Amino acid sequence: SMAEGAGAGPRLAELLAAGRRLWEEVETGAEPSSGAPAVQDKVRQGLDALQQAAAMVAQLDLFSENEELEEIASADLKYLLLPALLGALTLKQVDLSRRLEHLESARAHFWRFLKLCRSYGLGSFHLPPASPPGEEDAEGPSPGGPAAAQPSLVAMASSRQAKIERYKQKKELENRLASMKTFVESGQADEDQIREFYILQIQKWINTGLEEIESIDQEMVILRSRGTAKQPSAPPHSTSRQVRAPLKPFILTRDAAQAKVFGAGYPGLPTMTVDDWYEQRRRQGVVSAQGAPQRTLGVTDEELQKQQQEKKEEEDDEEALQKARNWDDWKDTHPRGYGNRQNVG
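Since the structure is predicted, the reported quantities are computational estimates derived from the model, not experimental observations. (Residues numbered from 1 in each chain as written. Predicted model: local features only at pLDDT ≥ 70, side-chain atom pairs only at ≥ 80, totals over all residues. Heavy atoms only, no water.)

Q: Describe the confidence of the model for the protein, and please don't skip the residues or the numbers.
A: Taken residue by residue, the protein gives an average pLDDT of 78. The fraction at 70 or more is 69%. Ranking the elements of the protein by mean pLDDT puts helix α8 (residues 240-244) last with 41 and helix α3 (residues 82-90) first with 98. Between residues 231-248, whose pLDDT stays under 50, and residues either more than four places distant or in other chains, the model counts 20 contacts. (pLDDT = per-residue confidence, 0-100. Helix = DSSP H or I, 4+ residues; strand = E, 2+ residues; numbered from the N terminus. Contact = heavy atoms within 4.5 Å.)

Q: An account of the packing of α3 against helix α4 (residues 99-119) is needed here, citing residue identities and associated values.
A: Describing two packed helices takes the angle between their axes plus the distance from one axis to the other. Relative to each other, α3 and α4 sit at 160°, their axes nearing to 7 Å. By the angle between their directions, the pair α3 and α4 is classed as roughly antiparallel. The handedness of the crossing between α3 and α4 is left-handed. On α4, the residues that touch Pro83, Ala84, Leu86, Gly87, Ala88 and Thr90 of α3 are His102, Ser105, Ala106, His109, Phe110 and Phe113. For the contact of α3 with α4, the class distribution of residues is seven nonpolar, five polar and no charged. (Axes fitted to C-alpha atoms, helices over the stretch in contact; angles between N-to-C directions. Parallel < 35°, antiparallel > 145°, perpendicular 65-115°, else oblique. Left-handed = near helix turned anticlockwise from the far one by under 90°. Nonpolar A, V, L, I, M, F, W, Y, C, P; charged D, E, K, R; others polar.)

Q: How would you sum up the packing of aromatic side chains? Please name residues and give values.
A: Taken as a whole and judged by the stated rule, the model has three aromatic pairs. Judged by centre distance (6.3 Å) and plane angle (80°), the rings of Phe63 and Tyr120 are edge-to-face. Here Phe63, found in the loop between α2 (37-60) and α3, pairs with Tyr120, found in the loop between α4 and α5 (145-149); they are 57 residues apart in sequence, far enough to count as distant. Of the two residues, Phe63 and Tyr120, neither departs from the other in class, the shared state being buried. Ring geometry for Phe197 versus Tyr198: centroids 6.0 Å apart, planes at 45°, classification tilted. (Phe/Tyr/Trp six-rings, centres within 6.5 Å; stacked < 30°, edge-to-face > 60°. Buried < 20%, exposed > 50% of the residue type's maximum accessible area, 1.4 Å probe, protein only.)

Here is the structure:
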């Protein structure tokens, strides 16, 4: 494979440089939205270049888990960053229908990067579980046993301290990297300095990887809990328009003015389907099961629903009205899904 290596060297370096440049352009881009077609083109090109580079690295067998850091040539150290960059660019994709898939893929890239760094003794950190929380059962016991999967209270208390420390280290690392960058890129640095520069970069990405896995895990829990609330299928007698538009999540607002301000899909507000809403109201004893209108009610009929609800509340006795008010107040202080633990994961 030495003959292959000779040709792969410059090509490999170009691919890494291109992928990295594209990532930096997306990361620090002037475009206001990461969803802009120009930005997503860069994301695709970047992923393409980095994937090709990663395939070459695997073919050349550049890294091995039972080898020492000293055995890696200084010029090759930068290729350790490939999985981290792949993870970062994977997260920049904006196709919402494939979000869970992108999160899983990015997490796997970051985890491989961290595992490789650990095996080379780069950075002292706890390697996160190989699969996101809630998935261990599916894949048999995790290597560290149940104790490893369940963070202790002590660990949780110290994790805040660890985060503060990590933030300080990160700033320090960034300052050192910035001061070395021009020196290394101008070709004035000797091998030890080049080596130090690459190792600092790797350490910076270790911090990034740990942070990203943490936020990926949080986002996955949210996406999965949404996924478990299955949509009921439309009854056969509903019109074709309603078949085409199943119950979409929407925002229940107090009044039309608030609805105008927030609009459906405002990211900071909980959204729920008409069905969820009736189910919750029914549980609170506000709407009787018969009182709920046909389930084929379209999302756009929000006003109609509101009128029916108001009429119902007028007819109902004081107690039901009081319950409705209490429920409204409770919703104001508790996010949707609060206390709903059985659906998580």
